Amino acid sequence: MKNLIYCSHAIITLVYFSLLTILLASCATNTNDKNAFTLTESSETKRIAICDETNLYSNDIHYYKEPSGVEYLSISNADANNIAFYRLDSCKLSHIIRIKRDGKYPINIGSHGVINLDDIFITTMNPYVYRINRNGDVIKNYNFMSYCSENRVCSGMDCLSLVYHPLVIINGKIFCPQRIPPTRWNGSPNGTNFEFDECPLSLTLDTATGVLEALPLSFPELFDKNDGRQSHNEGYSRIYDGNQFVFSFFALSDIYVTQDFKQFTTYSATSKLIGEIKNQGLKSGYDMQQGQEDYLTREEYGNILYDQYREVYYRFCYAKSKKKVNVQYYFENALCREDFSIQIINKDFQVVGETMFKAGKYAPKIFFVNEDGLWLSENNLEREDMNEDTLVFRCLKLQ
């Protein structure tokens, strides 16, 4: 009888651990499953009536949430030289900040980042970054031309949303995204007059002292400098998730991550939508229209966002356009694109889903993330219900 009892216990124990093993294996499989998650359209929309001074297709639209919980979209408008703030609860205009002059010098806004409603940084086409208040008064300015290095070549900074690298300030220092200055690789017929490690990926700007410092990490090798071409794709999106900086280079499939700007950790994140990208650039002597057409139609990886509420990253991927675009509507086409996908990447930088979207419905470079989900603009040029007086968003849910 005892043997029978012991045998029964042994069988039960074996079954228990077998089921536990299967369950754990299933969890592990789901974690690594590239189809584990998807983004689905919900019925939730926001329709924001915009004023005459607001550019519907601005390349600089940002989400801001006050400590009180009130949510805003802030939209900079280069023509009107202002920033319009819209409340997301009422979907109405809250207020407009009109940019004033810096003494005798005009300030033409390029992009902006909101610290709070009375403390805003703006970048311009000149080598200055300005700090303004709610009245548009200049609190302080910072001169990028003051930075000089014998070995490293730097550009100005921006915090656009079209090419998404929003304002990041840590311990009073702005982490200023950098570009490869065009004069460094377009200035000679074969574009070989620089090395990638000459160009830092970021400067820090001390907001107390104004001191600029180049950080050690440089650009990865994005293209062959000896191919005799110009206008290569050297763009990238950069975010800070509260712990580390995450880069999506538009010509590279891998995700690049750094905490200290001394070295990268790379993670494979190849899209189902995009084949192998050959970053060949254009033949020397190309005209501006050729460059614009290439930018608007090429297949590439795109912006990366962090969803802090669900602890995932969303990375946009754009298929090569099937039709010729009208460069007269440059920003409109840049914001809308055609077929695209959104990769879902977990906190371990594993691709756990990729949702495909057909052309003609969304403007995928106009977006924001909040507690409800990922919101994409429906202001696509090809929609029959497109209304230039209303900014429309639909909420996508992670499932």
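Each remark here, short or long, concerns the structure printed above.
Small disclaimer: the values here were computed from a predicted structure and weren't measured. (Residues numbered from 1 in each chain as written. Predicted model: local features only at pLDDT ≥ 70, side-chain atom pairs only at ≥ 80, totals over all residues. Heavy atoms only, no water.)

S.K.: Requested: an account of the overall build of the protein, with residues and values cited.
M.R.: Across its full length, the protein holds four helices and 26 strands. Counting across all 399 residues of the protein, residues that qualify as buried make up 50%. The long-range fraction of contacts in the protein, counting pairs at least 24 apart against all pairs at least 6 apart in sequence, stands at 59%. (Helix = DSSP H or I, 4+ residues; strand = E, 2+ residues; numbered from the N terminus. Buried < 20%, exposed > 50% of the residue type's maximum accessible area, 1.4 Å probe, protein only. Contact = heavy atoms within 4.5 Å.)

S.K.: Break down the pattern of salt bridges for me, citing the residues and quoting the values.
M.R.: Considering all chains together, one arrives at 18 salt bridges under this definition. Linking Glu-53 and Arg-98 is a salt bridge whose minimum nitrogen-to-oxygen distance equals 2.6 Å. Placement of the pair is Glu-53 in the loop between β1 (39–49) and β2 (61–65) and Arg-98 in strand β5 (residues 92–98), with a sequence separation of 45 residues. Under the relative-accessibility criterion, Glu-53 is labelled partly exposed at 31%. Among the salt bridges present, the one from Glu-300 reaches Arg-298, with a minimum N-O distance of 3.1 Å. (Salt bridge = Lys/Arg side-chain N within 4 Å of Asp/Glu carboxyl O.)

S.K.: Tell me about the side chain of Ser-341, and please be specific about residues and values.
M.R.: Mapped onto the fold, Ser-341 is located in strand β22 (residues 340–345). A distance of 2.6 Å separates a polar atom in the side chain of Ser-341 from a polar atom in the side chain of Glu-354. (Polar contact = N/O pair within 3.5 Å; in protein donor to acceptor, adjacent residues only side chain to side chain.)

S.K.: Please set out the environment of Ile-139 residue by residue, giving values where relevant.
M.R.: Assignment of secondary structure puts Ile-139 in strand β9 (residues 138–143). On the basis of relative accessible area, Ile-139 is assigned to the partly exposed category, the value being 49%. Between the C-alpha atoms of Ile-139 and Asp-102, which are 37 residues apart in sequence, the distance is 9.5 Å. Those residues in contact with Ile-139 that lie beyond four places of it in its chain are Asp-118, Arg-131, Ile-132 and Asn-133.

S.K.: So what about the environment of Glu-300? Which residues, and what values?
M.R.: Its location among the elements puts Glu-300 in strand β20 (residues 300–307). In the structure, Glu-300 is positioned 47 residues away from Ser-253 in sequence and 8.8 Å away in space, judged by C-alpha atoms. With residues up to four places along the chain from it excluded, the contact list for Glu-300 reads Asn-233, Phe-250, Ile-274, Ile-277, Cys-317, Tyr-318, Arg-337 and Lys-365. One polar contact links Glu-300 to Arg-298, side chain to side chain, over a distance of 3.1 Å.

S.K.: Describe in detail the sheet that holds β9, supporting the description with residues and values.
M.R.: Across the sheet, four strands lie side by side as β6-β7-β8-β9; this open sheet has antiparallel pairing. Each edge of the sheet is formed by a strand with only one pairing partner; in this case those strands are β6 (109–116) and β9. Strand-to-strand twist in this sheet, taken as the mean axis angle between neighbours without regard to direction, amounts to 20°. Of the strand pairs in this sheet, strand β7 (residues 119–124) and strand β8 (residues 128–132) are connected by four bridges, and their pairing is antiparallel. Across the sheet, the residue bridging to Thr-123 is Val-129, located in β8. (Pairing = 2+ DSSP bridges. Axes fitted to C-alpha atoms, helices over the stretch in contact; angles between N-to-C directions.)

S.K.: An account of the sheet that holds strand β4 (residues 82–87) is requested, with residue identities and associated values reported.
M.R.: On the basis of which strands lie adjacent, the open sheet formed by four strands has the order β2-β3-β4-β5 and antiparallel pairing. At either end of the open sheet lies a strand with only one pairing partner, and these are β2 and β5. Going from strand to strand, the sheet's axes swing by 25° on average, the running direction of each strand aside. Bridge count between β2 and strand β3 (residues 71–77): five bridges; the pairing is antiparallel. Residue pairing across strands places Ile-61 opposite Ile-75, the latter belonging to β3.

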